[in-house]
Every structure is written in C-alpha cells, then in structure tokens.
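Here's the letter readout for the chains.
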Amino acid sequence: MIYEQGIQDTINRQHMKAVRIHSFGGPEVLKFEDAPKPELNPDEVLIKVYASGVNPIDWKIRSGMGKEKFPGSFPLTLGWDVAGVIEAVGSAVKNFRKGEAVYSRPDPTKNGSYAEYVAVKADIVERKPESLDFAHAAAVPLAGLTAWQGLFDHGKLQAGQKVLIHAASGGVGSFAVQFASWKGAHIIGTTSEKNIAFVKSLGADEVIDYKNEKFEERLQNLDLVFDTLGGEIQKRSFRVLKNGGRLITTVRPEPDEVSNAKNILVEGFMALSVPEDLEQIAGLIDQGKIKPVVSRIMPLDEAAEAQKLSEQGHVKGKIVLQVLKESSAIPQ
Ligand SMILES: NC(=O)c1ccc[n+]([C@@H]2O[C@H](COP(=O)([O-])OP(=O)(O)OC[C@H]3O[C@@H](n4cnc5c(N)ncnc54)[C@H](OP(=O)(O)O)[C@@H]3O)[C@@H](O)[C@H]2O)c1
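> A description of the layout of surface pockets should follow, citing residues and the corresponding values.
Computed from the structure, the largest pocket encloses a volume of approximately 1500 Å³. In terms of lining, the largest pocket is formed by 49 residues, of which the most central are Pro56, Lys60, Thr228, Thr250 and Val251. Counting only elements with at least two residues in the lining of the largest pocket, the list comes to α2 (56-63), α4 (141-154), α5 (171-183), β10 (186-191), α8 (231-237), α11 (303-311) and β16 (318-322). Here the lining of the largest pocket gets 5 residues from one element, more than from any other, and that element is α2. Approximately 420 Å³ is the volume found for the second largest pocket.

So, in structure tokens, the structure goes:
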C-alpha cells in the first residue's frame with residue numbers, strides 16, 4: 001500500500017501513519033497505525049519520508065536485543081535510514097530549506113523512519129545523491145557509513161593492501177567491496193555460491209563460498225579483515241591476518257590468544273552519522289563509482305515481512321520500505 005492519497009490527507013493533520021512497537025517481541029509486535037506527527041525542535045528538520053531502509057538493527061531493537069545501547073520509550077517508531085523531502089525546518093536551522101531532497105541515518109535512540117514523517121537533527125542530515133531515486137537513496141546511509149568508517153577510519157585501508165570482507169553480498173558488505181575497490185585495495189569477499197558473480201561485479205578480486213571452502217585455508221598475511229559476522233568467523237579470521245594487522249568488526253570484538261600473539265588490533269565500532277561522510281559517498285554515487293544494491297522494495301505496511309527476511313540473514317544488498325511513490329517526489 002502506497003499512501004498517495006493518505007499522505008495528502010495527513011499533511012495538514014497532527015497525525016500520520018507509522019510502524020511502531022509498544023513492547024519488545026517478534027515481528028507481530030510491529031503495528032502499522034496512526035501516530036502523532038513528530039514535533040520539531042529548533043535544531044531539527046521534519047522530513048517527509050519517501051523511503052526507509054531496513055537494517056538488522058531494526059529487528060534487534062524490536063526484539064529487545066539492543067535495549068542497553070539504544071534505550072528508547074514505547075511506543076517506538078523503528079527504522080533508522082531515511083530519504084525524503086524537507087517539510088519544515090526548526091527555528092535554529094540555517095543550512096536547509098523546505099523542499100530539499102535529503103538522506104540521513106537518524107538517531108537510533110529516538111523515533112525512526114518507518115513513518116510518513118521523521119524529525120532529525122539538521123547536523124546529521126545531508127543532501128541526497130542527485131542521481132538516485134528515493135528508494136535507492138534510503139539504502140545508503142546506515143550501511144554506507146558503516147562500510148566507509150569501518151574500512152577507512154578504523155581499518156586505515158590503503159591502496160594495494162589486502163582486505164577480507166565478510167558477508168560481502170549483504171547491506172554493509174556490498175558497500176564495503178565497492179569502497180575498497182574504489183580505494184584500490186585487493187579484495188577477497190565471502191558469500192555463498194549464488195552471490196559469487198554478484199560480489200565479483202562489485203569489485204572483489206577473489207570470492208570465497210563460505211559454505212564450501214574454509215577461507216583460513218586459502219588466505220594469509222592480509223592487512224585487514226572487515227567482519228560483520230563475529231563469533232567463530234571472527235576467531236578464524238585472526239589466522240589470515242599478518243602480524244600487526246587489523247580486524248574491524250561491526251559486532252562484538254573478541255580478541256583471543258591468536259590475535260594477541262600476532263599483535264592484531266581487534267576493534268568493534270558503532271557507525272556515526274557524519275554528514276561529511278554522507279556527502280563524500282553521495283559524490284561517489286553521483287560520479288557513477290558506487291551503486292547501492294536494492295534487492296527488494298516493499299510497502300511500509302509490510303515492515304514485519306521485511307524484517308522477517310532481514311532476520312534470516314541472507315538479504316542481497318538492501319531491502320527498502322517505500323512510504324511515498326516517487327512520482328509524488330518534488331523534482332530537484
Ligand atoms: N556497528 C554498527 O554500527 C553496525 C552498522 C551496520 C550493521 N551492523 C551489524 O552488522 C551485521 C551485518 O549487517 P548487514 O546489514 O550487512 O547484514 P545483512 O545485509 O543482513 O547480511 C546478509 C548477507 O550476509 C551473508 N552471509 C550470511 N552468513 C554468512 C557467512 N557465514 N559468511 C559470509 N556471508 C554470510 C548473506 O549471504 P548469503 O545469502 O550468500 O548467505 C547475505 O547476503 C549485523 O549484525 C548488523 O547489526 C552494525
């Protein structure tokens with residue numbers, strides 16, 4: 001269901017449609033319902049949401065797994081990836097105006113973007129890549145920022161270095177392979193057989209089918225491992241790094257005797273909403289160097305189905321929830 005009429009009806013009203021939770025639990029706790037339109041603080045912009053990206057953090061927070069890191073209050077609107085058009089600006093906001101097309105990764109401790117509107121601090125909002133429609137733009141911020149900061153800020157990846165990127169076909173991995181390729185690194189990606197050609201097309205030099213080959217039996221002396229899987233896979237990854245190499249992870253870092261003996265830097269990180277990074281990524285996208293991969297676009301009221309798919313752990317690229325049809329978009 002796309003809210004062509006619904007959005008018009010709600011613009012002047014104080015409520016909107018949103019997907020919210022009133023308690024932690026399975027996909028059934030997601031309620032597509034009326035919610036108050038967000039109130040705007042002076043430092044925020046109100047974004048009319050065209051599309052919202054789906055990420056594992058959505059179902060982790062929904063299930064209560066993330067409640068220590070991301071304390072929120074019920075009812076909570078999920079979704080922390082947005083592309084849309086600025087509907088209103090707070091009194092202290094100087095750098096945006098109504099009608100601009102933007103994208104952002106909103107603050108996960110606050111209400112998110114599975115909704116017709118979301119209020120976001122202006123200092124974490126960036127102009128959307130001009131060459132992308134809203135659905136593809138919504139696929140970028142969270143996964144793109146994670147891949148960028150993981151490889152470059154934490155991983156210090158340089159041209160010519162060798163990097164192993166796990167889950168190279170996923171949301172974060174599909175950006176990481178493209179960024180590392182743009183940087184001029186030698187890339188080895190892991191994925192399953194059905195995605196081998198896809199990961200090569202993103203720029204990987206070598207692809208290892210994790211179901212049929214042990215990566216640690218093929219690889220050695222790498223500079224960097226970018227890990228989004230953790231556990232056993234992280235542990236096995238220490239063996240393929242050179243002495244003094246780096247393992248950067250989006251999940252829990254678990255150094256052990258092997259990583260200690262090899263003096264490997266094992267670091268976990270939480271991606272930050274850095275607008276300068278989003279601006280650089282938008283630039284690369286508009287130059288045709290990076291392409292977000294969207295394998296499925298679903299309507300907002302199918303958020304529960306979208307989360308079930310994400311939770312299975314085999315999404316190729318990204319799933320995006322479409323809130324408003326592109327034809328309704330304001331041309332930029
Ligand atoms: N710390 C942060 O700031 C941050 C930010 C973003 C994400 N994360 C976390 O990072 C993790 C990854 O996020 P994501 O959005 O990239 O996930 P995702 O898109 O759901 O990952 C799915 C991909 O993983 C691949 N995969 C599954 N098992 C694999 C294995 N054993 N070896 C290699 N590939 C495998 C799948 O390929 P096949 O279908 O071929 O199996 C699929 O394409 C999540 O836990 C997420 O919460 C953290």
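> Describe helix α10 (residues 275-286), with residues and values.
The end-to-end C-alpha separation of α10 is 16 Å, in line with the 16 Å expected for 12 residues at 1.5 Å each. Within the span of α10, buried status applies to Pro275, Asp277, Leu278, Ile281, Ala282, Leu284 and Ile285. For α10, the elements touching its buried residues are β6 (101-104), β8 (125-127), α4 and α5. Positive backbone phi, approximately 80 degrees, marks Gly288, located one or two places after α10.

> Give a detailed account of empty space enclosed by the protein, specifying residues and quantitative values.
Counted by the stated rule, this structure contains 1 cavity of 30 Å³ or more. In terms of residue class, the lining of the largest cavity is made up of 5 nonpolar, 3 polar and 1 charged.

> An account of the nonpolar core is needed here, citing residue identities and associated values.
Core analysis: the largest hydrophobic core is formed by 51 residues, its most contacted members being Leu151, Val163, Ile165 and Phe179. Ignoring any residue separated from it by four or fewer positions in sequence, one finds Val163 in contact with Leu151, Leu157, Ala180, Ala185, His186, Ile187, Ile188 and Leu224. Counting residues in hydrophobic clusters, the runner-up holds 33 residues, among them Val49, Ile61, Ala303 and Leu321.

> Help me get a handle on the site of the ligand, residues and values and all.
Not every one of the 27 residues close to the ligand is listed here, only the nearest: Lys60, Ser192, Tyr210, His314 and Val315. Asn195 has a polar side-chain atom sitting 3.0 Å from an oxygen atom of the ligand. Taking Val315, its main chain carries an N or O atom lying 2.7 Å from an oxygen atom of the ligand. A total of 930 Å² of accessible area belongs to the ligand in isolation, and the protein chains cover 88% of it.

Cut-offs and rules
Residues numbered from 1 in each chain as written. Predicted model: local features only at pLDDT ≥ 70, side-chain atom pairs only at ≥ 80, totals over all residues. Heavy atoms only, no water. 1 Å grid on protein atoms, 1.4 Å probe; cavity = no way out; pocket = protein on both sides within 12 Å on 5 of 7 lines; lining within 4 Å. Points joined across faces, edges and corners; volume = space filled by probe spheres on them. Helix = DSSP H or I, 4+ residues; strand = E, 2+ residues; numbered from the N terminus. Expected span 1.5 Å × (residues − 1). Buried < 20%, exposed > 50% of the residue type's maximum accessible area, 1.4 Å probe, protein only. Contact = heavy atoms within 4.5 Å. Nonpolar A, V, L, I, M, F, W, Y, C, P; charged D, E, K, R; others polar. Core = buried A, V, L, I, M, F, W, Y, C linked by side-chain atoms within 4.5 Å. Near = heavy atom within 4 Å. Polar contact = N/O pair within 3.5 Å; in protein donor to acceptor, adjacent residues only side chain to side chain. Areas by Shrake-Rupley, 256 points an atom, 1.4 Å probe, with all protein chains shown as cover.

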